Amino acid sequence: MEENCSIKLFESDLESMLSQVLAKARSRDEKLKAAKEKAVELKHQNETINDVLDLEKPASLTEEECKLLIKYLLAENNVVLEEYRICYMRGLMDGMKIKKIVE
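Here is what the cut-offs are and how they apply
Residues numbered from 1 in each chain as written. Predicted model: local features only at pLDDT ≥ 70, side-chain atom pairs only at ≥ 80, totals over all residues. Heavy atoms only, no water. Helix = DSSP H or I, 4+ residues; strand = E, 2+ residues; numbered from the N terminus. Expected span 1.5 Å × (residues − 1). Buried < 20%, exposed > 50% of the residue type's maximum accessible area, 1.4 Å probe, protein only. Arc of directions from axis to C-beta. Polar contact = N/O pair within 3.5 Å; in protein donor to acceptor, adjacent residues only side chain to side chain. Patch = residues over 30% accessible without salt bridge, like charges linked within 9 Å, V, L, I, M, F, W, Y side chains within 5 Å. Areas by Shrake-Rupley, 256 points an atom, 1.4 Å probe, with all protein chains shown as cover. Salt bridge = Lys/Arg side-chain N within 4 Å of Asp/Glu carboxyl O. UniProt positions renumbered as here; feature names shortened; annotations may be inferred.

- Per an unreviewed UniProt entry, the recorded name for the chain is DUF6664 domain-containing protein, and the organism is [Eubacterium] siraeum 70/3.

What follows is the structure, given as structure tokens:
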């Protein structure tokens, strides 16, 4: 029981720390900002796609709207990959600091 509690605390702390890292990165990291801007731009290019994404209701899409939706989803994937990169780099830097302290 105690182990489950400590795991939940660790996950909560980790989630909080990563949230802070990403909040800072949204204003500082140029790659992340560019990826996010592209996704937002694609989402708002077409009202039907915007509605499908925001309302999560089925809709008939034209071939062009399907292509735009795919571009948007790929752009959103790119945003997530950039966030992963930022979190990975933060972990790498933290690990290097700890290694220096231990040595």
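### Here we look at helix 2 (residues 30-43)
Quick reminder: α-helices carry 3.6 residues per turn. Residues three or four places apart thus point the same way.
Next, step 1: In this model, helix 2 (14 residues) spans 20 Å end to end at C-alpha, consistent with the 20 Å of a helix rising 1.5 Å per residue.
Next, step 2: Taken as a whole, helix 2 has its buried residues at Leu32, Ala35, Ala39, Leu42 and Lys43. End-on view of helix 2: buried residues confined to an arc of 105°, all on one side of the axis. Seen from the buried face of helix 2, the exposed residues on the opposite side, beyond 90 degrees, are Glu30, Glu37, Lys38 and Glu41.
Next, step 3: Of the residues that open helix 2, the one with a side-chain oxygen 3.3 Å from the backbone nitrogen of Lys31 is Asp29.

### Some details on the environment of Glu37
Next, step 1: As for its placement among the helices and strands, Glu37 is situated in helix 2.
Next, step 2: The class of Glu37 is exposed, set by a relative accessible area of 55%.
Next, step 3: Measuring from C-alpha to C-alpha, the distance between Glu37 and Glu76 comes to 10.0 Å, with 39 residues separating the pair along the chain.

### Here we look at a nonpolar patch on the surface
Next, step 1: A cluster of nonpolar side chains, contributed by Tyr88, Met89, Leu92, Met93 and Met96, occupies part of the molecular surface with about 490 Å² of accessible area.
Next, step 2: Within the fold, Met89 resides in helix 4 (residues 63-102).
Next, step 3: Accessibility expressed as a relative area gives 37% for Met89, which makes it partly exposed.

### Comments concerning the UniProt feature "coiled-coil region" (unreviewed entry) in the chain
Next, step 1: The UniProt record annotates "coiled-coil region" (unreviewed entry) at residues 25-52.
Next, step 2: Here residues 25-52 runs as 86% helix and 0% strand, with 29 Å between its end C-alpha atoms.

### Remarks on the pattern of salt bridges
Two side chains carrying opposite charge are able to pair once their charged atoms lie near each other.
Next, step 1: Summed over the entire model, instances satisfying the criterion amount to nine salt bridges.
Next, step 2: Between Glu83 and Arg26 there is a salt bridge, and its shortest N-O distance comes to 3.5 Å. Of the two residues, Glu83 is situated in helix 4 and Arg26 in helix 1 (residues 2-28); the sequence distance between them amounts to 57 residues.
Next, step 3: Its salt-bridge partner being Arg85, residue Glu82 comes within 2.7 Å of it at the nearest N-O pair. With a gap of three residues between them, Glu82 and Arg85 both fall in helix 4, about one helical turn apart.
Next, step 4: Assessed through its relative accessible area of 29%, Arg85 is described here as partly exposed.
Next, step 5: Each of Asp29, Glu82 and Arg85 takes part in salt bridges that share partners, so that together they form one network.

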